[in-house]
Amino acid sequence: MQMGKKQDNSGEKIWDEIFKRIVQEMPDQLLPLIEDVFGVKYPRDIQITKLATEHVIPAKNPKHLTSIYSDVTVKIGEDIYHFEFQMTNERDMTIRMIKYDFNIALANSIVEFNDGSFSIDFPKSAVIYPAVNEKVPDYLTCNINFADGTSHEYRIPTVKIQSYDLKTIREKHLTLFLPFLLLRFRPRLSSKKNPLSESELTEFLNEI
């Protein structure tokens, strides 16, 4: 399996594909999410450019190359945003995000100055968790220690869709979340103590 490419575990990948298809067809649906997570508001008709999500990097064998795949990367004005969609709380997600963000920055934001120095800008990134998972932290963090003794805390927010109720989604125009609200019932599908009734599901769908 290529590095960074997600496995298809028991149909989990379908939710990832739904998210990417919505953004592909209606990228403006990201604008309310960006406003909610990063506090940046754009006009609804602003140009949104979808950026490459495959980045070629050296493999463990220096004579070969491999690829890493991110989910969604867009550019709005001079700002770059990167979103990953995660069904489970994987321990290495922070490191994967650093890897993605570094390569996104190298591909899209290198600036060379007259004195020969350079700068790169990391994207504004977040990880979206659509399923019920109480172990997901509010932020993914990692301390990056440089050779000169300085340190930087890499810190990105997480978005837990099931923590939003329908009223909040409506008020914040987060319609991007609606298909994933059904996942909140998944733990009850096989529950004998608190099974999901047809009437309850129908009422919820009508409310959506």
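Scroll up a little and you will see the structure.
Let me begin by describing the structure that accompanies this report. (Residues numbered from 1 in each chain as written. Predicted model: local features only at pLDDT ≥ 70, side-chain atom pairs only at ≥ 80, totals over all residues. Heavy atoms only, no water.)

1. Brief notes about helix H3 (residues 93-108)
Line of reasoning, step 1. Its 16 residues place the ends of H3 22 Å apart at the C-alpha level, agreeing with the 22 Å of an ideal helix rising 1.5 Å per residue.
Line of reasoning, step 2. Along H3, the positions that sit buried rather than exposed are Met93, Thr94, Arg96, Met97, Ile98, Tyr100, Asp101, Asn103, Ile104 and Ala105. (Helix = DSSP H or I, 4+ residues; strand = E, 2+ residues; numbered from the N terminus. Expected span 1.5 Å × (residues − 1). Buried < 20%, exposed > 50% of the residue type's maximum accessible area, 1.4 Å probe, protein only.)

2. Description of the pairing of strand S5 (residues 79-85)
On any regular strand, side chains alternate: one points to one face of the sheet, the next to the other face.
Line of reasoning, step 1. Of all 7 residues in S5, 6 are buried, a share of seventy percent or more.
Line of reasoning, step 2. Hairpin geometry of strand S4 (residues 72-76) and S5 is characterised by an intervening segment of 2 residues between the two adjacent antiparallel strands and by a positive phi of about 65° at glycine 77.
Line of reasoning, step 3. Two strands pair when backbone bridges link them, and S5 and strand S8 (residues 124-129) are joined in this way by 5 bridges, in the parallel orientation. Looking across to S8, one finds that phenylalanine 85 is bridged to isoleucine 128. (Pairing = 2+ DSSP bridges.)

3. Description of the sheet that holds strand S1 (residues 49-50)
Line of reasoning, step 1. Sheet architecture is open: 6 strands sit in the order S1-S4-S5-S8-S10-S9, paired in mixed fashion. Two strands lie at the open edges of the sheet, namely S1 and strand S9 (139-145), each paired on one side alone.
Line of reasoning, step 2. Running over the sheet, helix H1 (residues 13-25) touches S1, S4, S5 and S8 and is turned about 155° from S5.
Line of reasoning, step 3. Across the sheet, H3 lies against S4, S5, S8, S9 and strand S10 (151-160), angled at about 150° from S5, the strand it touches most. (Contact = heavy atoms within 4.5 Å. Axes fitted to C-alpha atoms, helices over the stretch in contact; angles between N-to-C directions.)

4. Some thoughts on the nonpolar core
Line of reasoning, step 1. Counting residues in hydrophobic clusters, the biggest one holds 33 residues, and the most contacted among them are Phe19, Leu30, Leu33, Ile76, Phe83, Ile128 and Phe177.
Line of reasoning, step 2. Those elements giving two or more residues to this core turn out to be H1, helix H2 (30-38), S4, S5, S8 and helix H4 (166-172).
Line of reasoning, step 3. Phenylalanine 19 has contacts with Val72, Phe83, Phe85, Ile128, Leu176 and Phe180, leaving out every residue within four places of it along the chain.
Line of reasoning, step 4. By size, the runner-up hydrophobic cluster in this structure holds 10 residues, among which are Tyr100, Tyr129, Tyr154 and Ile156. (Core = buried A, V, L, I, M, F, W, Y, C linked by side-chain atoms within 4.5 Å.)

5. Some thoughts on the side chain of histidine 82
Line of reasoning, step 1. Topologically, histidine 82 is positioned in strand S5.
Line of reasoning, step 2. We classify histidine 82 as buried; its relative accessible area is 0%.
Line of reasoning, step 3. A distance of 2.6 Å separates polar atoms of two side chains, one belonging to histidine 82 and the other to aspartate 101.
Line of reasoning, step 4. Of the polar contacts made by the side chain of histidine 82, one reaches the side chain of serine 125; its length is 3.4 Å.
Line of reasoning, step 5. The contacts of histidine 82, once residues within four sequence positions are left out, are Ser70, Val72, Thr73, Met97, Tyr100, Asp101, Ile104, Pro123, Lys124, Ser125 and Ala126. (Polar contact = N/O pair within 3.5 Å; in protein donor to acceptor, adjacent residues only side chain to side chain.)

6. Comments concerning a nonpolar patch on the surface
Line of reasoning, step 1. On the surface, Phe102, Leu106, Ile110, Phe118, Ile120 and Phe122 cluster together into a nonpolar patch covering about 550 Å² of accessible area.
Line of reasoning, step 2. Along the chain, the position of phenylalanine 102 falls in helix H3.
Line of reasoning, step 3. Given a relative accessible area of 39%, phenylalanine 102 falls into the partly exposed group. (Patch = residues over 30% accessible without salt bridge, like charges linked within 9 Å, V, L, I, M, F, W, Y side chains within 5 Å. Areas by Shrake-Rupley, 256 points an atom, 1.4 Å probe, with all protein chains shown as cover. Salt bridge = Lys/Arg side-chain N within 4 Å of Asp/Glu carboxyl O.)

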